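Here is how the chains run, residue by residue.
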Amino acid sequence: MQPWQYIVLLGAFALVCGLALPRKQTAQSGQSLRNMETALDQFMENMEADHRELVGLTGKLREETRVRAENGERRIAELEERCGRLERDLAALKAAAAEPVRPEPVRSVPVQPEPPAAAERGNAPAAEEAAEPESGSIRDRYAQLFRLREQGKSIEAIARKTNMPKGEVQLILQLAEREAAARD
């Protein structure tokens, strides 16, 4: 046989095999095509569900952000209003502090003597203190405080020794100065 005949026979054999095999695969490829379409449909459904869920979460996040921003703005407005009130109060206090302080006259409370029965029970020192008349001078009433001040003690040291608040010590010293200025 000649070589061209071998080529024709080989081509015919390939043609027969080619026609026979696709028929068997078409049945199988139809099934795999349906399986692939089903898988793609499920994938698309899952993607659409995920997309809807993502859109819902984005909407919720946007709403929460809006609410937080509104609450923040409301809180800022409240704090600014409060700050304004505090500034007005501070200005009023500064204006009040700038005005000279006029001390109110100190009124002495009359001491009533204790009944005799209390004196008999051992309260004799209290009766003696009540019998001493209260003098009108601040220096006489707070003699220990002024002795410590004359010794050069600081206001803090005087407050510790006399068990009095520091502000009260300062007030007594200022009142004594004014009393002395009023006498002169």
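These figures come from a predicted structure and were not determined experimentally. (Residues numbered from 1 in each chain as written. Predicted model: local features only at pLDDT ≥ 70, side-chain atom pairs only at ≥ 80, totals over all residues. Heavy atoms only, no water.)

**Q** Now, about the overall build of the protein: what can you tell me, with residues and values included?
**A** Within the protein, the regular secondary structure consists of seven helices and zero strands. Taken from the N to the C terminus, the helices and strands of the protein come in the order α-α-α-α-α-α-α. By the burial criterion, 9% of the 184 residues in the protein qualify as buried. Summarising the internal contacts of the protein: among those between residues at least 6 apart in sequence, 40% fall at separations of at least 24. Of the accessible surface of the protein, which amounts to about 16200 Å², a share of 57% is contributed by carbon and sulfur atoms. (Helix = DSSP H or I, 4+ residues; strand = E, 2+ residues; numbered from the N terminus. Buried < 20%, exposed > 50% of the residue type's maximum accessible area, 1.4 Å probe, protein only. Contact = heavy atoms within 4.5 Å. Areas by Shrake-Rupley, 256 points an atom, 1.4 Å probe, with all protein chains shown as cover.)

**Q** Got a sec to walk through the pattern of salt bridges? Specific residues and values, please.
**A** Proximity of charged atoms lets side chains of opposite charge pair with each other. Considering all chains together, one arrives at seven salt bridges under this definition. Here Glu63 and Arg66 are joined by a salt bridge, their closest N and O atoms 2.2 Å apart. Pair noted here: Glu63 and Arg66 are both in helix α1 (residues 3–98), with a separation of three residues, about one helical turn. Through salt bridges that share partners, Glu63, Arg66 and Glu70 make up one connected network. (Salt bridge = Lys/Arg side-chain N within 4 Å of Asp/Glu carboxyl O.)

**Q** So, helix α6 (residues 155–162): which residues are in play, and what are the values?
**A** All of the buried residues along α6 are Ile155, Ala157, Ile158, Ala159 and Thr162. Buried-residue contacts for α6 involve α5 (143–150) and α7 (166–183). One or two residues past the end of α6 sits Asn163, with phi positive at roughly 55°.

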